[in-house]
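A look at the structure
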Amino acid sequence: MASTPRKAVWFAAATKKSLGGTLYIRCTVKPGASKAREGVTSVDDEAVEVCVSARAQEGEANKAVVKLFSEVLNVPKSDLQITQGLKSRNKTIALAVNVSEEECLHRVQASLKEASSEF
């Protein structure tokens, strides 16, 4: 039984008639990294790899991941939510958007690539 490939970034439309929906980003988090290594380290087809200096205790790494994506995507932290993986290194982040799927995916993928190239 073949499994379908998992994407690092995907879009779920709200309805067929309305513009917008939810953008999901699958990421792998490396907590406890040095401040110099903090950021988006790589973007591939399956996940966005990020390093945060916060330790994985009492939700500190989760807060750091939301803050990092907020800065990379230029959106308020309150617009981002970890929907899967609160106690795991593998997380899914959700962002509600009010733009078309193509525009949203293009903007986010460009922002992630730019952030990973700075690393």
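Parameters and conventions
Residues numbered from 1 in each chain as written. Predicted model: local features only at pLDDT ≥ 70, side-chain atom pairs only at ≥ 80, totals over all residues. Heavy atoms only, no water. Buried < 20%, exposed > 50% of the residue type's maximum accessible area, 1.4 Å probe, protein only. Helix = DSSP H or I, 4+ residues; strand = E, 2+ residues; numbered from the N terminus. Pairing = 2+ DSSP bridges. Core = buried A, V, L, I, M, F, W, Y, C linked by side-chain atoms within 4.5 Å. Contact = heavy atoms within 4.5 Å.

Further remarks concern the pairing of strand 6 (residues 90-97). Burial analysis of strand 6 places 6 of its 8 residues in the buried class, which makes it a mostly covered element. In terms of strand pairing, strand 2 (residues 21-30) meets strand 6 through 8 bridges, oriented antiparallel. By the bridge assignment, Thr22 is partnered in strand 6 with Ala96. Of the strand pairs in this sheet, strand 5 (residues 80-84) and strand 6 are connected by 4 bridges, and their pairing is antiparallel. Of the residues in strand 6, the one forming a bridge with Gln81 is Ala94. Where strand 5 folds back onto strand 6 in an antiparallel hairpin, the turn is made up of 5 residues, including Gly85, whose phi is positive at roughly 90°.

Attention now goes to the nonpolar core. Ranked by internal contacts, the top residues of the largest apolar core, which has 32 residues, are Ile25, Val48 and Phe69. Put simply, the parts of the chain that give this core at least two residues each are strand 1 (9-13), strand 2, strand 4 (48-51), helix 1 (60-73), strand 5, strand 6 and helix 2 (101-118). Looking at this core, the element that brings in the most residues is helix 1, giving 8 residues. Phe69 has contacts with Ile25, Cys27, Val48, Val50, Asn74, Leu80, Ile93 and Leu112, leaving out every residue within four places of it along the chain.

For the rest of this paragraph, the subject is the pairing of strand 2. By the bridge criterion, 5 bridges tie strand 1 to strand 2 in an arrangement that is antiparallel. The residue of strand 2 that forms the bridge with Trp10 is Tyr24. As paired strands, strand 2 and strand 4 are joined by 4 bridges and run parallel to one another. Its bridge partner lying in strand 4, Cys27 is registered against Val48.

Nothing here speaks to function; it is geometry throughout.
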